[in-house]
Amino acid sequence: MNRNLLKLTLLLLLGVFFANDLLAQEEPRRRRRRGNLTPEQREARLDKMMARMKDSLDLEGTQVTKLKALNRKMWKKMGAARQEYADDRQMMREEMMDIRIKYQKGVKKVLNKTQWKKFKKMEAARRKRRMNRRRQRGNRGEGNGGGE
């Protein structure tokens, strides 16, 4: 009886260790998938984002075209910065900040004052959601809040 209980306990412990190890492998795989989108997937993502922006900001056709071009340009610059500063997170952070500032200046030129105010509110809400997700992830012990 004691021997069977010992075997059962040992099996349960091994199961817990292996399950924990398997679950720990899921997070990096999910992050990699998000960063390695095909050009078609990126374009579909951009179309979806532009449709949401068009509805929420009441954009005209020319504004959508200009914002799409701005987004493509920003994504291209960010990708280049990630490659160039892969070893230096501080430099990458600074470069990303510069890219975002230039992007926002471009967006501000495309939008009228009312649309710009709505855009800034949307950005603030998105930033708040992202911070909440980071906090939740940190509380579960699944990361340090970095990434994204």
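Scope of this entry: the structure provided in the associated data block. Keep in mind that what you see is a predicted model, and the values were worked out from it rather than measured.

What counts and what doesn't
- Sequence order as written defines residue numbering, which begins from 1 separately in each chain.
- It should be noted that, the model being predicted, local features are given only for residues of pLDDT at least 70 and side-chain atom pairs only at 80 or more, the latter also being counted only at that level, while totals for whole chains, interfaces and linings use all residues.
- Hydrogens and waters are ignored; side-chain quantities use all the structure's heavy atoms.
- Residue types Ala, Val, Leu, Ile, Met, Phe, Trp, Tyr and Cys, when buried and joined through side-chain atoms within 4.5 Å, form a set referred to as a nonpolar core.
- Exposed residues in this analysis have more than 50% of their type's maximum accessible area, buried residues have under 20%, and partly exposed residues fall in between, with area computed by a 1.4 Å probe over protein chains only.
- Helical segments are the DSSP runs of H or I of at least four residues, strand segments are the runs of E of at least two, and each set is numbered from the N terminus.
- Contact criterion: two residues are considered in contact whenever any of their non-hydrogen atoms come within 4.5 Å of each other.
- Planes of paired rings set the category: under 30 degrees apart is stacked, over 60 is edge-to-face and the rest tilted, where pairs are Phe, Tyr or Trp rings (Trp by its six-membered ring) whose centres lie within 6.5 Å.
- Patches were defined on residues exceeding 30% relative accessible area and lacking a salt bridge, with like-charge contacts within 9 Å and nonpolar side-chain contacts (Val, Leu, Ile, Met, Phe, Trp, Tyr) within 5 Å.
- Working definition of accessibility: Shrake-Rupley area with a 1.4 Å probe, residue cover restricted to the visible protein chains.
- For salt bridges, the criterion is a side-chain nitrogen of Lys or Arg within 4 Å of an Asp or Glu carboxyl oxygen.
- All tallies of charge rest on Lys and Arg as positive and Asp and Glu as negative; His and the ends of each chain are not included.
- Think of each charge as sitting on NZ of Lys, CZ of Arg, CG of Asp or CD of Glu.

1. Quick notes on the nonpolar core
The biggest cluster of nonpolar side chains holds 21 residues, and the ones touching the most others in it are M53, L59, L67, V107, L111 and F119. Of all elements in the fold, only helix 2 (39–57), helix 3 (61–84), helix 4 (89–110) and helix 5 (113–139) reach the threshold of two or more residues within this core. With residues near it in sequence (within four places) discarded, M53 still touches D58, L59, L67, F119 and M122.

2. Quick look at the packing of aromatic side chains
Enumeration according to the criterion identifies 1 aromatic pair in this entry. On the basis of an interplanar angle of 25° and a centroid distance of 5.6 Å, the ring pair of W116 and F119 is categorised as stacked. Of the two residues, W116 and F119 both sit in helix 5, 3 residues apart, roughly one turn of that helix. Both residues of the pair, W116 and F119, count as buried.

3. Brief notes about the side chain of Q115
If you trace the backbone, Q115 turns up in helix 5. Setting aside anything within four residues of it in sequence, one finds Q115 in contact with L57, D58, L59 and Q63.

4. A closer look at a positive patch on the surface
Side chains of K73, K77, K102, K105 and K109 sit close together on the surface and give a patch of like positive charge. When residues of the positive patch are traced back to their parent elements, those giving at least two are helix 3 and helix 4. The element that contributes the greatest number of residues to the positive patch is helix 4, accounting for 3 residues. Mapped onto the fold, K102 is located in helix 4. Since its relative accessible area comes to 56%, K102 is described here as exposed.

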